[in-house]
Amino acid sequence: LDYLAFGYIIVSGLIMFQVEPESFNSLFDALYWSTTALTTVGYGDIYPVTVFGKLVSMVSSIVGIAVVAYPVTVYVHGE
């Protein structure tokens, strides 16, 4: 579970870094954003501003929830 979430944070950060170069000055900023977005902390200090960046952000949030929620339910139910 941890590896899947960690991998998703990296992939999401890399995609956002390519899509929103004006909002994310470094790869670390994009990884910071993806970590706060996936953990639903969302400080709001860094965020996408373009329509495409916002679309990527929405898809990333939905997939991120699935990446965390699905393995947890499988683990809890033991299937």
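Here the structure is a predicted model, which means the values were calculated and not measured.

Points about a nonpolar patch on the surface
Next, step 1: A cluster of nonpolar side chains, namely Phe 52, Leu 55, Met 58, Val 59 and Val 63, defines an oily patch on the protein surface of about 460 Å² accessible area.
Next, step 2: Tracing the sequence through the fold places Leu 55 in helix α3 (residues 51–77).

So, the nonpolar core
Next, step 1: One finds Met 16, Phe 24, Ala 30, Trp 33, Ile 46 and Val 56 forming the largest nonpolar core, which totals 6 residues.
Next, step 2: Other than its neighbours up to four places away in sequence, Ile 46 contacts Ser 23, Phe 24, Asp 29, Tyr 32 and Trp 33.
Next, step 3: Counting residues in hydrophobic clusters, the runner-up holds 5 residues, among them Ala 5, Tyr 8, Ile 9 and Leu 38.

Points about the packing of helix α1 (residues 2–19) against α3
Next, step 1: The interhelical angle for the contact between α1 and α3, taken along N-to-C directions, is 175 degrees, at an axis separation of 11 Å. Judged on the interaxial angle alone, α3 and α1 are roughly antiparallel. Contacts between α1 and α3 pair Leu 4, Ala 5, Tyr 8, Ser 12, Ile 15, Met 16 and Val 19 from the former with Phe 52, Gly 53, Val 56, Ser 57, Val 59, Ser 60, Val 63, Gly 64, Val 67 and Pro 71 from the latter.
Next, step 2: Of the residues that constitute the contact of α1 with α3, the class distribution is 12 nonpolar, 5 polar and no charged.

Rules used throughout
- Residues numbered from 1 in each chain as written.
- Predicted model: local features only at pLDDT ≥ 70, side-chain atom pairs only at ≥ 80, totals over all residues.
- Heavy atoms only, no water.
- Patch = residues over 30% accessible without salt bridge, like charges linked within 9 Å, V, L, I, M, F, W, Y side chains within 5 Å.
- Areas by Shrake-Rupley, 256 points an atom, 1.4 Å probe, with all protein chains shown as cover.
- Salt bridge = Lys/Arg side-chain N within 4 Å of Asp/Glu carboxyl O.
- Helix = DSSP H or I, 4+ residues; strand = E, 2+ residues; numbered from the N terminus.
- Core = buried A, V, L, I, M, F, W, Y, C linked by side-chain atoms within 4.5 Å.
- Buried < 20%, exposed > 50% of the residue type's maximum accessible area, 1.4 Å probe, protein only.
- Contact = heavy atoms within 4.5 Å.
- Axes fitted to C-alpha atoms, helices over the stretch in contact; angles between N-to-C directions.
- Parallel < 35°, antiparallel > 145°, perpendicular 65-115°, else oblique.
- Nonpolar A, V, L, I, M, F, W, Y, C, P; charged D, E, K, R; others polar.

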